[in-house]
Amino acid sequence: MGSPQQPLTASERRRRERRMSTRTVLHAADIHRALTRISHEILESNKGPEGLVILGIPTRGVTLARRVATLLSEIGGSPVPVGALDVTMYRDDLHRHPTRAPHPTEMPAGGIDGKTVVLVDDVLFSGRTIRAALDAINDIGRPSVVRLATLVDRGHRDLPIRPDFVGKNLPSSREERVNVHLAEIDGADEVTIGS
């Protein structure tokens, strides 16, 4: 006979309930398809890879930016510079959210002046992160154009910000949580939504 199961602790019960109320909306193949489509749209909009700079917003936006830059280089036939843009100290809501340690901002060797900069983030929600990114860009240089690519647009904007390139529009309530998991950070690619 097997040993009797131990009762779950309150935190284990909550974790199990969260997992049960979470559903996967994008799998690895869906994410790859979305990034490939976004890459084609960026190249079409820019009429090729010349003058493009891809900047990811930490944390997962940087990983997505690297993937997009790789796809752009493969599709367009020439390398596309990629970097990381930390916006932590430019946010207007630091008093409401716990501060995270700033990540390094890494600009490509050629800089961003006169370039077409494509900001890449994982989830677009209120628009405050993107507003902070635009402020950060103004302190670094003067691109000719700034575009926005996001894997998931979940709506609920507080500011008049709209993405140029979207992997998936995902209607959600403000109470729901959208989580992007990427293999480089989390061990697997998926996007989930749940309460």
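Residues numbered from 1 in each chain as written. Predicted model: local features only at pLDDT ≥ 70, side-chain atom pairs only at ≥ 80, totals over all residues. Heavy atoms only, no water.

A. Fine view of the sheet that holds strand β8 (residues 190-194). Taken in spatial order, the three strands make up an open sheet running β1-β8-β7, and their pairing is antiparallel. In the strand order of this sheet, the two ends are held by β1 (22-27) and β7 (177-181), each with one partner. Averaged over all pairs of adjacent strands, the angle between strand axes in this sheet comes to 20 degrees, irrespective of strand direction. Strand direction decides the pairing type here: β7 and β8, joined by five bridges, are antiparallel. Looking at β8, one finds that V178 is bridged to I193. Against the sheet, helix α2 (residues 28-46) contacts β1, β7 and β8, and its axis sits at roughly 45 degrees relative to β1. (Pairing = 2+ DSSP bridges. Helix = DSSP H or I, 4+ residues; strand = E, 2+ residues; numbered from the N terminus. Axes fitted to C-alpha atoms, helices over the stretch in contact; angles between N-to-C directions. Contact = heavy atoms within 4.5 Å.)

B. Main features of unusual backbone geometry. Omega for the peptide link from P58 to T59 comes to 10 degrees, which places this bond in the cis form. Despite not being glycine, K47 has its phi angle at roughly 60 degrees, a positive value. Turning to its location among the elements, K47 is positioned in the loop between α2 and β2 (52-56). Using a relative accessible area of 73% as the deciding quantity, one classes K47 as exposed. Positive phi outside glycine occurs at H156, with the angle close to 65 degrees. Mapped onto the secondary structure, H156 falls in the loop between β5 (145-153) and β6 (165-169). (Buried < 20%, exposed > 50% of the residue type's maximum accessible area, 1.4 Å probe, protein only.)

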